[in-house]
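# Results of the structural survey
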Amino acid sequence: MDTQSRIRINLREVVAAIETTVSLVGMDDTNHGKRVAYIACQLGHALGFSQSDVDFLYDFGMLHDIGVSTEAEHRNLVANFDWGESGLHCEVGYQLLQGFHPLAHLALPVLYHHTAWVELERMNVRPREALMANLVYLADRIDVLSAEHYGDDILIARHQVAELIQLKSGSYFKPEYVEVFKRVAQSESFWLALESRHICRYTWDMNRVTIHSTLTIGQLKQLAMIIAYIVDQKSKFTAQHSIKVAEVARFLAELFGMTETQCDKIEIAGLLHDIGKLHTPDAILNKPGPLDEHERAVMNQHSFETYEILRHISGIEDIAMWAAFHHEGVNGHGYPFHPTELELSTEARIVAVADVFQALVQDRPYRRRMQPQEIRKLLLQKAEAGSLDASIVRLALSNMDHCYNVALGAADASGQYDISFA
């Protein structure tokens, strides 16, 4: 990998993209991270925090649930004030962030953002991390208690929310934080700003703040692997799908004679191509049979969701298109954009072939993985029909053994990522 190539990127856009990715898991509620960020910032202002600390709270609030991948996990975190397994996503979030230098400062607070105040006081946690973690924990639980009332009776329900939080003062939350919350909660505007149309405007304004950082291609790949991990953990049937698509795509790009930088970026597109699947219900992804018309329509939305997330990160516009076009056909069929043959770049065609190839190698809920001869037959059919680029299909089939082994990879064994990025 050409680790020295660099891309100038806005970290605030990256934070927003990760939050949007993770929030898709919420299905019917995709604003939890945004609201937690807002609540934490408002409490930080009321506590007299510096602007740099408030900015920290915003990024932390947006990314606090980065370790959540499944509907079931999200549902338990929302349904239970203190779910016994809440620490699992904190640990995953810590592992995801600690090795990614631009966001590593958030790792420890993420690790402790479901730790009660009485426990934090007994632990050997640096004071700043403990204070930030507890403030976001408070913001998180405020939102969970309030969520069903937004857009309806929140101005009535706020009193009950404040009472429930007061009961946790000194045990779950630092008493000073609870007192400040009770004061802030008296303002109707605090609560009204949490409604969907308002919170989206708030985060849009916050995301206009430019925090430039120059990432190496290696760091951009790390970022993509963080997101790919979140996506692939949604279903046991897609464990390592993204990372193996990326490896097959890179191999095909190298055979095609592309430059090292192009190969790097194609690999990153492969890692990111299925972001939108986080908004596909688990029941559809894990269905042990063919999808019906409605389920197929829901599934076919995921590549557009991928585009909508990635297109807001300036500097990776080409990668966004290659990732989002992975279900487009050379013949103009496929979904969701229907580009012409001229509009469908070679890079996007490579990712598309790699995606189909790797999917066929994996076990899925409705079939066992296919053997090389079965894959050869199906890929040739798709090439003949014009849904895949024939020249890239031939390239893959000419190197069947290597592509098959790469696509199978470690998913055949543990199905797990090394998320430590050591």
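Quick caveat, the model's predicted, so the values are computed rather than measured.

Now for the packing of aromatic side chains. In the structure shown here, the tally under the stated rule is 16 aromatic pairs. Taking the centre distance of 6.4 Å and the plane angle of 45 degrees together, the rings of F304 and Y307 count as tilted. One end of the pair, F304, and the other, Y307, are both in helix α18 (residues 302–310), 3 residues apart, so they sit about a helical turn from each other. Looking at F304, the relative accessible area reads 37%, which means it is partly exposed. On the basis of an interplanar angle of 80 degrees and a centroid distance of 5.1 Å, the ring pair of Y307 and F337 is categorised as edge-to-face.

Let us look at helix α4 (residues 71–79). Turning to α4, its buried residues number three or more, namely E71, E73, H74 and L77. Along α4, the residues classed as buried sweep out an arc of 165 degrees about the axis, all on the same side. Residues of α4 that are exposed and point over 90 degrees away from its buried face: R75 and A79. Buried-residue contacts for α4 involve α5 (87–98), α8 (127–146) and α16 (282–285).

For L111, the location among the structural elements is in helix α6 (residues 107–111). In the structure, L111 is positioned 69 residues away from Q42 in sequence and 22 Å away in space, judged by C-alpha atoms. Here L111 is in contact with C90, E91 and Y94, once residues within four sequence places are set aside.

Here H338 lies in the loop between α19 (317–324) and α20 (346–361). Exposure remark for H338: the relative accessible area of 43% places this residue in the partly exposed category. In this structure, the C-alpha to C-alpha distance between H338 and H327, residues 11 residues apart in sequence, is 9.3 Å. The contact partners of H338, leaving out residues within four places of it in the chain, are E328, G332 and H333. Of the polar contacts made by the side chain of H338, one reaches the backbone oxygen of G334; its length is 3.3 Å.

Further remarks concern the nonpolar core. Ranked by internal contacts, the top residues of the largest apolar core, which has 141 residues, are F181 and F357. With 11 residues, the top contributor of residues to this core is helix α13 (residues 217–232). If you count residues domain by domain, this core takes at least three from each of domain 1 (6–208) and domain 2 (217–408). Dropping the residues within four chain positions of it, F357 is found in contact with I375, L379, A396, M400, C403, Y404 and A407.

Moving on: the pattern of salt bridges. Inspection of the entire model under this criterion finds 22 salt bridges. Among the salt bridges present, the one from K234 reaches D282, with a minimum N-O distance of 2.6 Å. Of this pair, K234 sits in the loop between α13 and α14 (241–256) while D282 is found in helix α16, placing the two residues 48 residues apart along the sequence. Here K234 and D282 have matching classes, each one buried. Through salt bridges with shared partners, a single network forms among K221, R250, E254, D264 and E267.

In this section: unusual backbone geometry. Glycine aside, the phi torsion of most residues is negative, and most peptide linkages are trans. Residue P336 follows Y335 across a cis peptide bond; omega there is 0 degrees. Looking at the secondary structure, you find P336 in the loop between α19 and α20. For H338, which is not glycine, the phi dihedral falls at a positive 55 degrees.

So, about the confidence of the model for the chain. For the chain, per-residue confidence averages 91 on the pLDDT scale, and 95% of positions sit at 70 or higher. Under a pLDDT of 50 for its full length, residues 410–422 has, in the predicted model, 28 contacts with residues more than four places off or in other chains.

Segmentation of the chain into domains returns domain 1 (6–208) and domain 2 (217–408). On a C-alpha basis, the centroid separation for the pair domain 1 and domain 2 is 33 Å. On the side of domain 2, 26 residues touch domain 1, which itself brings 27 residues to the contact. Summed over both sides, the interface of domain 1 with domain 2 buries roughly 2300 Å², with 70% coming from carbon and sulfur. Area buried by domain 1 at its contact with domain 2 is led by I7, T21 and L24, which between them contribute 24% of it. On inspection of domain 1 and its partner domain 2, the count reaches 0 salt bridges. Inspection of the domain 1/domain 2 interface yields 4 residue pairs in polar contact (both at pLDDT 80 or more). Here the element with the most residues in the side of domain 1 that touches domain 2 is helix α1 (residues 11–23); it accounts for 7 residues.

All right, on to the environment of H101 then. Here H101 shows up in the loop between α5 and α6. By relative accessible area, which is 64% here, H101 ends up exposed. A C-alpha to C-alpha distance of 23 Å links H101 and H114, two positions 13 residues apart in sequence.

Taking 1.5 Å as the rise per residue, α14 with 16 residues should run 22 Å; its terminal C-alpha atoms sit 22 Å apart, in good agreement. Counting buried residues in α14 gives 12 out of 16 residues, a clear majority hidden from the surface. Turning to α14, the residues buried within the fold contact α13, α15 (260–272), α20, α22 (390–398) and α23 (400–408). A positive phi of about 90 degrees marks G257, the residue just after α14.

Reading guide: rules and limits
- Residues numbered from 1 in each chain as written.
- Predicted model: local features only at pLDDT ≥ 70, side-chain atom pairs only at ≥ 80, totals over all residues.
- Heavy atoms only, no water.
- Phe/Tyr/Trp six-rings, centres within 6.5 Å; stacked < 30°, edge-to-face > 60°.
- Helix = DSSP H or I, 4+ residues; strand = E, 2+ residues; numbered from the N terminus.
- Buried < 20%, exposed > 50% of the residue type's maximum accessible area, 1.4 Å probe, protein only.
- Arc of directions from axis to C-beta.
- Contact = heavy atoms within 4.5 Å.
- Polar contact = N/O pair within 3.5 Å; in protein donor to acceptor, adjacent residues only side chain to side chain.
- Core = buried A, V, L, I, M, F, W, Y, C linked by side-chain atoms within 4.5 Å.
- Domains from an automatic or database assignment.
- Salt bridge = Lys/Arg side-chain N within 4 Å of Asp/Glu carboxyl O.
- pLDDT = per-residue confidence, 0-100.
- Buried area = accessible area lost by both parts, 1.4 Å probe.
- Expected span 1.5 Å × (residues − 1).

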